[in-house]
Amino acid sequence: MTDNSDGIGGLTFDKSKRTWPNEMNIFLALVIIVVIFEILGQLLPHMRGQSFLFDTKDRFDGMFGLFNVARLQIIILQVAIIGIIALGVTQVIITAGIDLSSGPLVAATAMVAMSFGQTELVNGNPNPKALFGTWAMDLPVIVPVVIGLSFGAMIGAINGTFIAYLRIPPFIATLGMFLICRGIALWWSSGNPISFPTDSYAFIGSGMMPVVWFILLAVLFHIIMTRTLYGKHTYAIGSNEDAARMSGINVRRHKITVYMIASMLAAFAGIVLSSKASTAQAGMGEFYELFAIAMAVIGGISLTGGRGSIIGTVLGAMVLGVIRSGFTFIKLDGSYQLMAMGSIIIAAVVLDQYRQKSRT
Amino acid sequence: MSDIILETKGLTKHYGGVHALNDANVVLRDGEHIAVMGDNGAGKSTFVRQITGVEQRTSGQIFFGGKEVNFAGPIDAREAGIETVFQTLALADELNVPDNLFLGREITRFDWLGPFRFLDYKAMHEATMAGLEKTAVKIPNVKNSIRNMSGGQRQCVAIARTATFASKLTIMDEPTAALGVQETAQVENIIRTLKAQGQPLILVSHNMRQVFDLVDRVIVFRRGRICADLDIKNEDVSGEDVVAYITGAKTQPQFEDENAA
């Protein structure tokens with residue numbers, strides 16, 4: 001390709017003037033935040049010169065030996081499960097929608113799936129938290145996973161149907177589903193926790209597995225959103241729904257698919273979370289829906305639709321993870337963490353709007 | 001006659017008690033460019049909306065390509081070969097030029113993947129460049145999102161759809177209403193290109209100079225009825241005459257009785 005192959009009618013385009021991608025800004029912000037914590041670690045008297053990012057114990061453990069691998073792992077692990085939800089929320093927001101039901105759906109799915117993933121005997125005694133009879137015990141891991149994902153798909157289909165066919169605003173439809181799902185989570189086992197999963201169920205969320213799932217799903221949905229028909233139509237609907245409809249896209253069916261995918265991702269997050277905690281409780285996943293939205297927003301998504309990316313959301317998740325880890329590192333109270341996260345969400349949107357204005 | 005592309009018989013549309021369009025009989029032949037003129041609320045856009053299936057007519061018949069058609073929606077009309085450039089641009093702002101041109105009819109690979117089949121960006125890019133080449137549109141970078149483009153460029157992209165997907169009939173509803181001088185010239189160039197290629201066109205316009213420059217025949221609407229059908233290429237018709245028909249100072253004899261009421 002020649003340099004001017006993207007111009008038409010004799011006009012050429014100076015590629016050096018191309019604006020750099022929005023994701024680059026978020027990455028820069030991430031780097032700046034890390035540097036701030038690094039400096040604070042060196043300067044604050046009570047820190048005694050500890051490093052945030054680097055391994056100061058001079059261990060040689062492979063190519064990442066320079067960095068504090070344990071901290072990096074914890075940063076990603078802390079955001080991985082909400083990050084999985086955020087991948088779905090990103091797609092919903094790109095269609096100019098919103099999904100508030102994902103947090104309670106995490107809890108409801110955790111309850112539903114875990115009740116089919118319990119082990120029959122705990123240390124030779126019957127499972128004290130057994131919800132069903134022995135028929136539901138020691139089932140192959142595929143059973144609770146399929147049941148959990150199907151439950152999520154059903155909730156998403158209901159959300160999508162109300163939004164696409166009955167024209168209920170997404171905020172209202174998913175707010176209703178928010179309460180319904182929390183209710184389902186409480187009703188499922190009359191408020192009792194469900195515990196003692198089978199070994200294979202416990203493996204899903206063990207160790208670094210949540211991070212593995214997060215990265216795999218992020219790569220998968222990055223490809224889907226950037227390279228497939230589904231992704232293009234998702235952006236088109238959020239960008240101009242009427243244009244999408246007039247172009248022959250089945251907007252209603254597509255919206256239902258998007259909400260189903262988002263809810264299945266939240267359901268999967270519920271499975272991973274219950275597996276990681278080895279227990280499912282009705283109160284799980286509190287505020288997850290809001291943190292997932294926050295990740296997408298920090299990642300440069302536009303709530304009016306059409307703009308945003310999976311890469312941005314992953315970086316947004318990392319920003320939240322680094323802040324949480326950094327505040328723990330400099331031994332500041334959790335209350336400051338919340339205030340800082342809130343400020344950063346607002347700052348991200350303000351900067352983004354300023355950037356949008358200055359470009360046009 | 002086989003060269004008639006579009007024919008309407010007694011096309012009528014009532015909005016409740018408002019008779020927006022009454023008994024419109026229009027014939028469009030292959031390769032012909034006609035303009036639809038009239039005052040605001042005269043029924044021009046209503047006429048277009050009935051043909052393109054955006055609205056459902058109250059009564060009357062539409063024949064397209066020799067067959068009677070009943071479009072359930074604009075998608076049906078487009079599949080039949082009617083490309084419409086709407087007054088409100090049907091473009092997705094956040095997408096780039098090829099994405100917009102191919103919206104709803106993307107070139108894909110691995111079609112067995114269903115909704116997750118892959119887009120063939122390269123093929124769409126090449127087809128876009130070829131399509132835009134024909135229209136002489138000037139766009140510095142087709143990979144830029146539509147949001148960053150001028151009104152004229154956006155309008156050209158909307159119109160270039162028809163050039164890229166050789167359609168049987170193009171309808172433009174006031175394509176230059178919001179454009180500057182140079183941009184208007186660009187759009188008019190595209191229309192001339194379509195004329196040279198023998199593609200029939202219906203142009204809704206308020207711009208007298210543009211109409212006289214571009215089209216073969218003018219149909220004037222007044223208060224929901226056709227009041228004149230003027231062959232401006234072959235007959236001696238002046239701008240003043242057209243204005244007289246639009247304002248109601250004159251009515252062609254063959255439309256007299258209908259307008260008597």
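Quick look at the pattern of salt bridges
Argument step 1. Counting across every chain of the model gives 17 salt bridges over all chains.
Argument step 2. Each of Glu241, Asp242, Arg245 and Lys255 of chain A takes part in one network of salt bridges that share partners.

Observations concerning the sheet that holds strand E1 (residues 4-15) of chain B
Residues and elements named next belong to chain B.
Argument step 1. Strand order in the open sheet made by the 4 strands is E2-E1-E4-E5, with antiparallel pairing throughout. Pairing within the sheet leaves two strands with one partner each, and these edge strands are strand E2 (18-29) and strand E5 (67-68).
Argument step 2. Strand direction decides the pairing type here: E1 and strand E4 (residues 59-64), joined by 5 bridges, are antiparallel. In the strand pairing of E4, Lys9 is matched with Gln61.

Quick word on the packing of helix H2 (residues 69-94) of chain A against helix H12 (residues 310-329) of chain A
Residue and element names in this part refer to chain A.
Argument step 1. It is the contact of H2 with H12, at a shortest axis distance of 8 Å, that shows an interaxial angle of 140°. The angle between the axes of H2 and H12 places the two elements in the oblique class. As for the relative orientation of H2 and H12, their crossing is right-handed in sense. Contact residues: Arg71, Ile75, Ile76, Gln78, Val79, Ala86, Leu87 and Thr90 in H2; Ile310, Thr313, Val314, Ala317, Met318, Leu320, Gly321, Val322, Arg324, Ser325 and Phe329 in H12.
Argument step 2. Partitioning the contact of H2 with H12 into residue classes produces 12 nonpolar, 5 polar and 2 charged.

A word on the interface of chain A and chain B
Argument step 1. Across the contact, 34 residues belong to chain A and 35 residues belong to chain B.
Argument step 2. Across the chain A to chain B interface the summed buried area is about 3,100 Å²; carbon plus sulfur atoms make up 63%.
Argument step 3. A salt bridge links Asp99 of chain B to Lys232 of chain A; the nearest nitrogen and oxygen atoms lie 2.8 Å apart.
Argument step 4. Summed over the shared surface of chain A and chain B, the result is 11 residue pairs in polar contact (both at pLDDT 80 or more).
Argument step 5. Elements represented by at least two residues in the side of chain A that touches chain B include exactly helix H7 (209-227), helix H8 (229-239) and helix H9 (241-246) of chain A.
Argument step 6. When residues of the side of chain A that touches chain B are assigned to their parent elements, the largest contribution, 7 residues, is made by H8 of chain A.

Definitions and cut-offs
- Residues numbered from 1 in each chain as written.
- Chains lettered and ligands numbered in written order.
- Predicted model: local features only at pLDDT ≥ 70, side-chain atom pairs only at ≥ 80, totals over all residues.
- Heavy atoms only, no water.
- Salt bridge = Lys/Arg side-chain N within 4 Å of Asp/Glu carboxyl O.
- Pairing = 2+ DSSP bridges.
- Helix = DSSP H or I, 4+ residues; strand = E, 2+ residues; numbered from the N terminus.
- Axes fitted to C-alpha atoms, helices over the stretch in contact; angles between N-to-C directions.
- Parallel < 35°, antiparallel > 145°, perpendicular 65-115°, else oblique.
- Left-handed = near helix turned anticlockwise from the far one by under 90°.
- Contact = heavy atoms within 4.5 Å.
- Nonpolar A, V, L, I, M, F, W, Y, C, P; charged D, E, K, R; others polar.
- Buried area = accessible area lost by both parts, 1.4 Å probe.
- Polar contact = N/O pair within 3.5 Å; in protein donor to acceptor, adjacent residues only side chain to side chain.

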